[in-house]
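In case you want the letters, here they are:
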Amino acid sequence: MADKQAGEEKMAKVVSLCKRRGFIFPSSEIYGGLKSCYDYGPLGVELKRNVMAEWWRAVVYEREDIVGLDASIMMHPRVWEASGHVAGFQDPLVDCRNCKERFRADKAPRAEQGTEVEYLEGGKKGGKKLRRVVERSYVCPVCGSPDLSEERMFNLMFRTNLGPVQAEDSTIYLRPETAQAMFVQFENVQATMSMKVPFGIAQTGKSFRNEVTVEHFIFRSVEFEQMEIEFFVEPGTQAEWMDHWTKERVGWYRRYLNKPDDVRLRRHEKDELAHYADDCCDVEYFFPWGWDELEGIASRTDYDLRKHAEHSGKKLSYFDQNKPDPATGKPGWRYVPYVVEPSAGATRSVLMLLCDAYDEEPATEPGGEPRVVLRLHPRLAPYKVAVFPLVKKDGLPELARDVVKRFYKAGIHARYDEQHSIGKRYRRHDEAGTPYCLTIDGQTKEDGTVTIRDRDTMKQERISLDAAVRVVRRRLGEES
RNA sequence: GCGGGAGUAACUCAGUGGUAGAGUGCCACCUUGCCAAGGUGGACGUCGCGGGUUCAAAUCCCGUCUCCCGCUCCA
């Protein structure tokens, strides 16, 4: 219970800092906000872009077997029929007026229409016994009451119309996941890039779901951003690729965390698997409210390519000239590749990183203020370096501005700051997660050195001004 | 969608029918030679929104929106 309260307090602090420091604002706030929608402010957009850039670098730039894709958010409506989203995302839901349970009508216990059934008021043990006639052919699965709300269709996909004229046949959907485009473009990508199985397609982008419930700030929202890979493999090799990808992805998260053990892998039970999957693992993070999913890594067999082949009438398969067909033994094997899908939430990663990075240090001196610091990995931090004149005189601001420009030119995101005292500037950048602060002082003019201050240790050392860009770059791990 | 809690300054919060407050932050100038603690001055609130009761509403009533916590689903 104390943990739960501590978790809620932590979240409140993170949310507050996000707004105070320009990471994340409620959407449309001056109009009262919009449910579940958030805007990434000047610091938040940098953090999110850095996360996605690091992911792209790891899965596209640093390996030869994956290429990228950026598909349109709106796709042919039949894509979603093939994928099962039109059917699967559209369930008739009913609320029980008696015990307040919400359930799927098609999965509720059957009962004969017109008969009278007995149930307990409120669904509670001590409740009064009530009797009522069954109006529909089922009752509440929890309390057995036939006192039910109307069936309501919950379509989890956002609908809109293509073309300015609203008509039934112009209905299209905003994608509920980025994955399908990679299946639909499988052949184009494979052929144009001469990709040989095993190979993958990577894509990042926004997806949309009319979630029944949204919660935990940006954790579950109707508009969210994904980082997905569809990795196509030879049938029969999916288990070893699951092994590869689970290790790869867990390792990726842990590289950026102060507390790597807050990320774990959870293998789904057999009865938890979707009907098309033969294995699935979740990468989970220990959020302030408990373990929750960051990424799902699913072994989806050949389900998706097969479905799209059926619905489109196109042959979605791969021909391996160097392998004999296992059925006939003749050279050349045409098969529908199996898919391993590491599907990550970019916005969830952002929240994870903020939670992991948030830290409070007690005041070092009596009467001092505690220090709030975001210990973001330097490569993810919005600003890599802040440059200050120690005082606002003696030509120090001019000198500092010259230094900032060196970082601009080097492509390193830097910030000039001369407001308030030097101590306040350090603290302000601690909250922004800026890993390094350079301070220009009187000595700079004499011997061309500046101090570089480390966010985490608050230690300073003097380095030569001319080496500043190089030193920062080395610390960012961009130069050895 | 249902149940519970909450919305007052940029942030954290006080204010239970009678002139909207505090701390932090923010702005300007001075000061300041290294970790939010100096001085002087200053700006900022449709009290979430709409309606009602009242001589008078941040405060009471109704509706609505948003957020948080539970029930459900997923990245």
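Note that the structure is a prediction, hence the values are computed from the model and not measured.

Draft legend 1. Here's a closer look at the pattern of salt bridges. Under the defined criterion, the tally for this structure stands at 33 salt bridges. With a closest N to O distance of 2.8 Å, Arg 57 and Glu 62 form a salt bridge. Relative accessible area serves as the criterion here: at 27%, Arg 57 is assigned to the partly exposed category. Ionic pairing is found between Glu 223 and Lys 206, a salt bridge with its closest N-O pair at 2.8 Å. Within this pair, whereas Glu 223 is found in strand 12 (residues 223-233), its partner Lys 206 is found in strand 11 (residues 199-208), the two being separated by 17 residues in sequence. Salt bridges here are not isolated pairs; linked through shared partners, they connect Asp 359, Glu 361, Arg 371, Arg 375, Asp 430, Arg 453, Arg 455 and Asp 456.

Draft legend 2. Inspection of the nonpolar core at higher detail. Of all hydrophobic cores here, the largest spans 57 residues; its most connected members are Phe 23, Val 263, Met 352 and Leu 354. Leave out the neighbours within four places in its chain, and Leu 354 touches Val 14, Cys 18, Phe 23, Ile 24, Leu 47 and Leu 374. With 27 residues, the next largest nonpolar core counts Ala 71, Met 182, Phe 183 and Phe 199 among its residues.

Draft legend 3. Here's a closer look at the sheet that holds strand 25 (residues 460-464). Pairing within the open sheet is mixed, and its five strands lie in the order 22-21-23-24-25. The two strands at the open ends of the sheet, each matched to only one other strand, are strand 22 (414-416) and strand 25. Here the average twist between neighbouring strands, direction ignored, is 25°. In terms of strand pairing, strand 23 (residues 436-440) meets strand 24 (residues 449-454) through four bridges, oriented antiparallel.

Draft legend 4. How the structure looks around the packing of aromatic side chains. Under the criterion given, the structure shown has 20 aromatic pairs. With 4.9 Å between their ring centres and 70° between their planes, Tyr 38 and Phe 217 make a pair best called edge-to-face. Here Tyr 38, found in strand 2 (residues 38-40), pairs with Phe 217, found in the loop between strand 11 and strand 12; they are 179 residues apart in sequence, far enough to count as distant. A cation sits over an aromatic face here: Arg 264 above Trp 291, 4.1 Å from the ring centre. Stacked on the ring of Phe 219, the Lys or Arg Arg 348 has its end atom at 3.8 Å from the ring centre.

Draft legend 5. Layout of the environment of Leu 376. Tracing the backbone through its elements, the reader meets Leu 376 in the loop between strand 20 (371-374) and strand 21 (385-389). For Leu 376, a relative accessible area of 2% puts it in the buried group. Note: C-alpha distance between Leu 376 and Asp 261 (115 residues apart in sequence) is 16 Å.

Draft legend 6. View of the sheet that holds strand 14 (residues 279-287). In space, the seven strands of this open sheet follow the order 3-11-12-18-15-14-13, with mixed pairing throughout. Of all strands in the sheet, those with a lone pairing partner are strand 3 (66-68) and strand 13 (263-267), marking the two edges. In this sheet, adjacent strand axes meet at a mean angle of 25° when their direction is disregarded. In the sheet, strand 3 pairs with strand 11 via three bridges, with the strands oriented parallel. From the neighbouring strand, Gly 68 faces strand 11, where its bridge partner is Ala 202. Contacting strand 12, strand 13, strand 14, strand 15 (290-299) and strand 18 (338-345), helix 9 (residues 346-357) crosses the sheet at an angle of about 35° to strand 14.

Criteria and thresholds
Residues numbered from 1 in each chain as written. Chains lettered and ligands numbered in written order. Predicted model: local features only at pLDDT ≥ 70, side-chain atom pairs only at ≥ 80, totals over all residues. Heavy atoms only, no water. Salt bridge = Lys/Arg side-chain N within 4 Å of Asp/Glu carboxyl O. Buried < 20%, exposed > 50% of the residue type's maximum accessible area, 1.4 Å probe, protein only. Helix = DSSP H or I, 4+ residues; strand = E, 2+ residues; numbered from the N terminus. Core = buried A, V, L, I, M, F, W, Y, C linked by side-chain atoms within 4.5 Å. Contact = heavy atoms within 4.5 Å. Pairing = 2+ DSSP bridges. Axes fitted to C-alpha atoms, helices over the stretch in contact; angles between N-to-C directions. Phe/Tyr/Trp six-rings, centres within 6.5 Å; stacked < 30°, edge-to-face > 60°. Lys NZ or Arg CZ within 6 Å of the ring centre and 35° of its normal.

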